[in-house]
Amino acid sequence: METVGEEIARLEGERHRYSETFRNTSEADVVTRSHLQLEMDRRTARIVDLQAQRPLGFLARWVMRAAAAAVAIAAATPAGPWWVRAALGAVALVVGFLSLG
């Protein structure tokens, strides 16, 4: 079974081969060019889906956690109206949740 990185690399290679074939196909051959474009689009869409499913990296998770902590501390300070503190608290919760993975 392929890892996400391996599948992305394979799909990029296939997309590149289709692109080279597309470039070398006559503009008069509309059917072949259309088929090649469709295959390139399918691979591009799959690559985008796979990249969206990738978990955050180690450093990115810790940076988001630090940002959530900083926003939570800012929300806990008694300065400013209550709605600003509530909004900062909500932002801290969202960023903290997103940092989980």
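Time to look at the overall build of the chain. In terms of helices and strands, the chain carries 4 helices and 0 strands. In sequence order, the secondary structure elements of the chain are arranged as α-α-α-α. For a compact globule of 101 residues, the expected C-alpha radius of gyration is about 13 Å, and the chain comes in at 23 Å, more than 25% above that figure. Within the chain, the proportion of its 101 residues that are buried is 17%. A separation threshold of at least 6 residues defines the contact pool for the chain, and within that pool the share at least 24 residues apart is 56%. Taking the 12 positively charged and 11 negatively charged side chains of the chain as two groups, their mean positions are separated by 10 Å.

With that out of the way, let us pick up the pattern of salt bridges. Tallying each qualifying case throughout the model produces 8 salt bridges. Among the salt bridges present, the one from Glu39 reaches Arg42, with a minimum N-O distance of 3.1 Å. A residue pair is termed a helical-turn pair when its members lie 3 or 4 positions apart in one helix, as Glu39 and Arg42 do in helix α2 (residues 30-53) at 3 residues. Residue class for Arg42 comes out partly exposed when judged on its relative accessible area of 49%. Between Arg43 and Glu39 there is a salt bridge whose closest N-O contact spans 2.6 Å. Highlighted residues: Arg43 and Glu39, both in helix α2, separated by 4 residues, approximately one helical turn. Grouping residues by exposure puts Arg43 and Glu39 together as buried. Each member of the salt-bridge network shares a partner with another, and the members are Glu2, Glu7, Arg10, Glu14, Glu39, Arg42, Arg43 and Arg46.

This next bit is on the confidence of the model for the chain. Counting all residues, the mean pLDDT for the chain is 86, and 98% of those residues have values of 70 or more. Across the chain, element-level confidence peaks in helix α1 (residues 4-24) with a mean pLDDT of 92 and bottoms out in helix α3 (residues 58-76) with 81.

A few words now on the environment of Gly96. Its location among the elements puts Gly96 in helix α4 (residues 82-98). Among the residues examined, Gly96 registers a relative accessible area of 23% and is labelled partly exposed.

The rules behind each value
Residues numbered from 1 in each chain as written. Predicted model: local features only at pLDDT ≥ 70, side-chain atom pairs only at ≥ 80, totals over all residues. Heavy atoms only, no water. Helix = DSSP H or I, 4+ residues; strand = E, 2+ residues; numbered from the N terminus. Rg over C-alpha atoms; globule rule 2.2 N^0.38 Å. Buried < 20%, exposed > 50% of the residue type's maximum accessible area, 1.4 Å probe, protein only. Contact = heavy atoms within 4.5 Å. Lys, Arg positive; Asp, Glu negative; His and termini not counted. Charge placed at Lys NZ, Arg CZ, Asp CG, Glu CD. Salt bridge = Lys/Arg side-chain N within 4 Å of Asp/Glu carboxyl O. pLDDT = per-residue confidence, 0-100.

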